[in-house]
Amino acid sequence: MNLSDLGNRICLLGPSNSGKSTFANAIARKRGLEAVHLDQLFHLPNTDWQQRPRDEFIALHDAAIAGERWVIDGNYSVCMPQRFRRATGLILLDISTPMSLLRYFRRTLFETGRLGALEGGRDSVKWDMIHHIAVTTQRNRRKYRAMFEDIDLPKLQLSSLRAIKQCFREWGLTPD
């Protein structure tokens, strides 16, 4: 599959810390699309990942998908129906839970200024996030795979870091 086969409105789904934001930014640069990071819409800037009110998040989400050229990373199933109606392509990053945990610890302990980070926020190791990756993600993984299978869009599933890196090479993408 070529990157252009996914169109100009691409959704990136996958577990936390699978590389969705990095992938979205690389695609945005390559294709001249707007990169939209749902974590930044869902959380208030300059906080320690404090959630926005639900209706405010949905309004921000719906405004973002109203555009004609975007790549959006994140799950947030409350908004998936309208996002999928507007999407022209879908990528599912489906890396393992141990890899997601490893990436979570690496990014929170050693990385600063990472892509998709919350403006004015500071990443730190949180028990709630560890639980989310280790427990909640398992249920969500099955749900997202089923959605992926059912959706009638050009789509690509990448189930390992090796597959993601290969896709970067084949599409001529560069991580920031």
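All values reported here derive from a predicted model rather than from experimental measurement.

(A) Examining the sheet that holds strand E4 (residues 89-93) more closely. Read across the open sheet, the five strands follow the order E2-E3-E1-E4-E5; overall the sheet is parallel. One side of each edge strand has no neighbouring strand; the edge strands of this open sheet are strand E2 (34-37) and strand E5 (155-158). Going across the sheet, the axis of each strand differs from the next one's by a mean of 15°, ignoring polarity. Sheet analysis places E4 next to E5, joined by four bridges and oriented parallel.

(B) Fine view of the nonpolar core. Counting 23 residues, the largest nonpolar core has Cys11, Phe57, Trp70, Ile72, Phe84 and Leu90 as its most contacted members. Among the secondary structure elements, those contributing two or more residues to this core are strand E1 (9-13), helix H2 (38-42), helix H3 (54-65), strand E3 (70-73), helix H4 (80-86), E4 and helix H6 (127-150). Sort the elements by how many residues they give to this core and H3 lands first, with four residues. With near-sequence residues (within four places) excluded, Leu90 lies in contact with Leu6, Cys11, Leu13, Phe84, Phe148, Ile151, Pro154, Lys155 and Leu156. Judged by nonpolar contacts, the second largest core, of 21 residues, contains Leu12, Ile91, Ile164 and Leu173.

(C) Structural detail: the side chain of Arg9. Its location among the elements puts Arg9 in strand E1. With relative accessibility at 14%, the residue Arg9 sits in the buried group. For Arg9, the side chain forms a polar contact with the side chain of Glu68, separated by 3.0 Å. Leaving out residues up to four positions away in the same chain, Arg9 has contacts with Gly67, Glu68, Arg69, Trp70, Arg86, Ala87, Thr88 and Gly89.

(D) Here's a closer look at H3. The first and last C-alpha atoms of H3 sit 17 Å apart over twelve residues, in line with the 16 Å expected at 1.5 Å per residue. Of all the residues in H3, the buried ones are Phe57, Ile58, His61, Ala64 and Ile65. Relative to the axis of H3, the buried residues are bounded by an arc of 125° and lie together on one face. Turned more than 90 degrees away from the buried face of H3, the exposed residues are Asp55 and Ala63. Where H3 is buried, its residues contact E2, H2, E3 and H4.

Calculation criteria
Residues numbered from 1 in each chain as written. Predicted model: local features only at pLDDT ≥ 70, side-chain atom pairs only at ≥ 80, totals over all residues. Heavy atoms only, no water. Pairing = 2+ DSSP bridges. Helix = DSSP H or I, 4+ residues; strand = E, 2+ residues; numbered from the N terminus. Axes fitted to C-alpha atoms, helices over the stretch in contact; angles between N-to-C directions. Core = buried A, V, L, I, M, F, W, Y, C linked by side-chain atoms within 4.5 Å. Buried < 20%, exposed > 50% of the residue type's maximum accessible area, 1.4 Å probe, protein only. Contact = heavy atoms within 4.5 Å. Polar contact = N/O pair within 3.5 Å; in protein donor to acceptor, adjacent residues only side chain to side chain. Expected span 1.5 Å × (residues − 1). Arc of directions from axis to C-beta.

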